[in-house]
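Given next are the chains, with one letter for each unit.
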Amino acid sequence: MKRQYLGDSKDSFKWDYHDYLVEALAYDHLKIAWMMTPDDGGTHGASAPELFPARPEILRFCNRLRSTRDPALVLGLPAIMGAKYRVSFHDPDENKNDANHRSWFSGILPGSGQVIFLDPDNGFEPERCGTDKHVRYADLDGLIKLAPSDTVFSVFQHHRRKKFPDDFARIRKRLLSGYATAIYWHSLMFVNVASSRKTIRQVEKINREYAKHRPVKVLA
């Protein structure tokens, strides 16, 4: 995740969806693990939030994010949406890199009633090698084994050189533990993983309800 991405069209999908998911699960905590990397001066992150048809409150929120590039604004998301859950960050000011990734992941403490959102630049590690821009399967496996059965992990996955259904099928095969479902739009997919099949079936049901009113597709 780079600060230059804050408030773009992917952020509209990101925050509209995760607010909906936490509320539908009736959970009390959205924990965001910003996998921060330095801005690169490129054009990524320039798309207008209105390209995704999020709720009006989310669009206004994303336009504020876009103008300030301040991740701390996300702490106020529940108040903006009139929700009761809380938002917390894991190491929001530390840039994630290859040297610190093990200690960085070990500091994430899963708890009951949580959605834990892992937000890398790219998504899951590719077939040959992973970098600080990726979530490694072994790191996610360690978190799943520590997590209560109702904990939901949501992983940002940017489009790669394959269709999302094919990519999700490969990701699911490479998971070392847990069950998965996914939801995607345009060039962005969120992969939901939990240790419990029952929990993932609940998430899949929520995703399908969300998809009735959004231009997104669900994978299971």
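Everything numeric in this text was worked out from a predicted model, so none of it was measured.

Trainee: Would you explain the environment of proline 49 in this entry?
Mentor: Summarising the element assignment, proline 49 is placed in the loop between strand 1 (29–34) and helix 2 (56–68). Judged by relative accessible area, which is 0%, proline 49 ranks as buried. Excluding its chain neighbours within four sequence positions, the residues that come into contact with proline 49 are Gly7, Asp8, Ser9, Ser12, Leu59, Cys62, Asn63 and Arg66.

Trainee: In this structure, what is going on with helix 1 (residues 9–25)? I would like to understand it.
Mentor: An α-helical turn contains 3.6 residues, so a residue and the one three or four places further along point in the same direction. Here helix 1 is 17 residues long and its end C-alpha atoms lie 24 Å apart, about the 24 Å a rise of 1.5 Å per residue gives. With 14 of its 17 residues buried, helix 1 lies for the most part within the structure. Where helix 1 begins, the capping side chain belongs to aspartate 8, and its oxygen is found 3.2 Å from the backbone nitrogen of lysine 10. With its phi angle positive at about 60°, alanine 26 sits one or two positions after the end of helix 1.

Trainee: Got a minute to help me understand unusual backbone geometry in this structure?
Mentor: When glycine is set aside, most residues are seen to have a negative phi, and most peptide bonds are trans. The backbone phi angle of arginine 69 is positive, close to 55°, even though this residue is not glycine. Taking relative accessible area as the criterion, arginine 69 reaches 29% and is therefore assigned partly exposed. A positive phi angle, near 50°, is found at histidine 186, a position not held by glycine. Within the secondary structure, histidine 186 is located in the loop between strand 7 (179–185) and strand 8 (188–194). Take histidine 186: its relative accessible area is 63%, and that puts it in the exposed class.

Trainee: How do you make sense of the pairing of strand 8 when you look at a structure like this?
Mentor: Successive side chains on a regular strand alternate, one facing one side of the sheet and the next facing the other. For strand 8, the buried fraction is high: seven of the seven residues fall into the buried class. Here strand 8 shows no split at all, with Leu188, Phe190, Asn192 and Ala194 on one side and Met189, Val191 and Val193 on the other all buried. When strand 6 (residues 152–158) meets strand 8, the two strands line up antiparallel, connected through six bridges. By the bridge assignment, phenylalanine 153 is partnered in strand 8 with valine 193.

Trainee: Would you explain helix 2 in this entry?
Mentor: Taking 1.5 Å as the rise per residue, helix 2 with 13 residues should run 18 Å; its terminal C-alpha atoms sit 19 Å apart, in good agreement. When helix 2 is considered as a whole, its buried residues turn out to be Ile58, Leu59, Phe61, Cys62 and Leu65. Angular distribution of buried residues about the axis of helix 2 spans 160°; they occupy a single face of the element. For helix 2, the exposed residues lying more than 90 degrees away from the buried face are Arg60 and Ser67. On its buried face, helix 2 sits against helix 1 and helix 3 (77–81). Backbone geometry just after helix 2 places arginine 69 at a positive phi near 55°.

Trainee: Teacher, can you tell me more about the pairing of strand 7 here?
Mentor: Taking burial as the measure, the seven residues of strand 7 include six buried ones, the bulk of the element. Connecting strand 7 to the antiparallel partner strand 8 that follows it, the hairpin turn spans two residues, and histidine 186 within it adopts a positive phi of roughly 50°.

Trainee: For this particular structure, what's the right way to read the environment of tyrosine 210?
Mentor: Note on placement: tyrosine 210 falls in helix 7 (residues 197–211). In sequence terms tyrosine 210 and lysine 162 are 48 residues apart; their C-alpha atoms lie 24 Å from each other.

Trainee: Help me understand the packing of helix 1 against helix 2, please; the structure alone is not making it clear to me.
Mentor: A pair of packed helices is characterised by two quantities: the angle between their axes and the separation of those axes. Orientation of helix 1 relative to helix 2, taken along the N-to-C sense of each, is 130°, at an axis distance of 10 Å. Comparing the axis directions of helix 1 and helix 2 gives the class oblique. The chirality of how helix 1 crosses helix 2 is right-handed. Of the residues in helix 2, those touching helix 1 at Asp11, Ser12, Trp15 and Asp16 are Ile58, Leu59, Phe61, Cys62 and Leu65.

Trainee: Which parts of the structure should I look at to understand the side chain of serine 12?
Mentor: Note that serine 12 resides in helix 1. The residues contacting serine 12, other than those within four sequence positions of it, are Pro49, Phe52, Ala54, Ile58, Leu59 and Cys62.

Trainee: Just to check I follow, could you spell out the environment of glycine 7 for this structure?
Mentor: As for its placement among the helices and strands, glycine 7 is situated in the segment before helix 1. Look at glycine 7 and you get buried, because its relative accessible area is 0%. Separated by 42 residues in the primary sequence, glycine 7 and proline 49 place their C-alpha atoms 6.2 Å from one another.

Procedures and definitions
- All residue numbers refer to positions counted from 1 along the written sequence of the respective chain.
- The model is predicted, so local features are restricted to residues of pLDDT at least 70 and side-chain atom pairs to those at 80 or more, both for listing and for counting; the totals for chains, interfaces and linings are taken over all residues.
- Excluding hydrogens and water, the side-chain values take into account all heavy atoms of the structure.
- Here a helix means four or more residues in a row that DSSP labels H or I, a strand means two or more in a row labelled E, and each is numbered from the N terminus.
- Whether a residue is buried, partly exposed or exposed follows from its accessible area with a 1.4 Å probe, protein chains only, as a fraction of its type maximum: under 20%, in between, or over 50%, in that order.
- Two residues form a contact once any of their heavy atoms are found within 4.5 Å.
- Expected helix span is taken as 1.5 Å per residue step, with the number of steps being one fewer than the number of residues.
- Whenever two N or O atoms come within 3.5 Å, that pair is a polar contact, provided that in protein one can donate a hydrogen and the other can accept it, and provided that, for residues adjacent in sequence, both atoms are side-chain atoms.
- Two strands pair if DSSP finds at least two bridges between them.
- In this description, the arc belongs to the directions extending from the helix axis to the C-beta atoms.
- Lines fitted to C-alpha atoms define the axes, with helix axes restricted to the stretch in contact, and inter-axis angles between N-to-C directions lie between 0 and 180 degrees.
- Just so you know how the angles are binned, under 35 degrees is roughly parallel, over 145 roughly antiparallel, 65 to 115 roughly perpendicular, and the rest oblique.
- Handedness of a helix crossing follows the sense of rotation of the near helix relative to the far helix, less than a right angle counterclockwise being left-handed and clockwise being right-handed.

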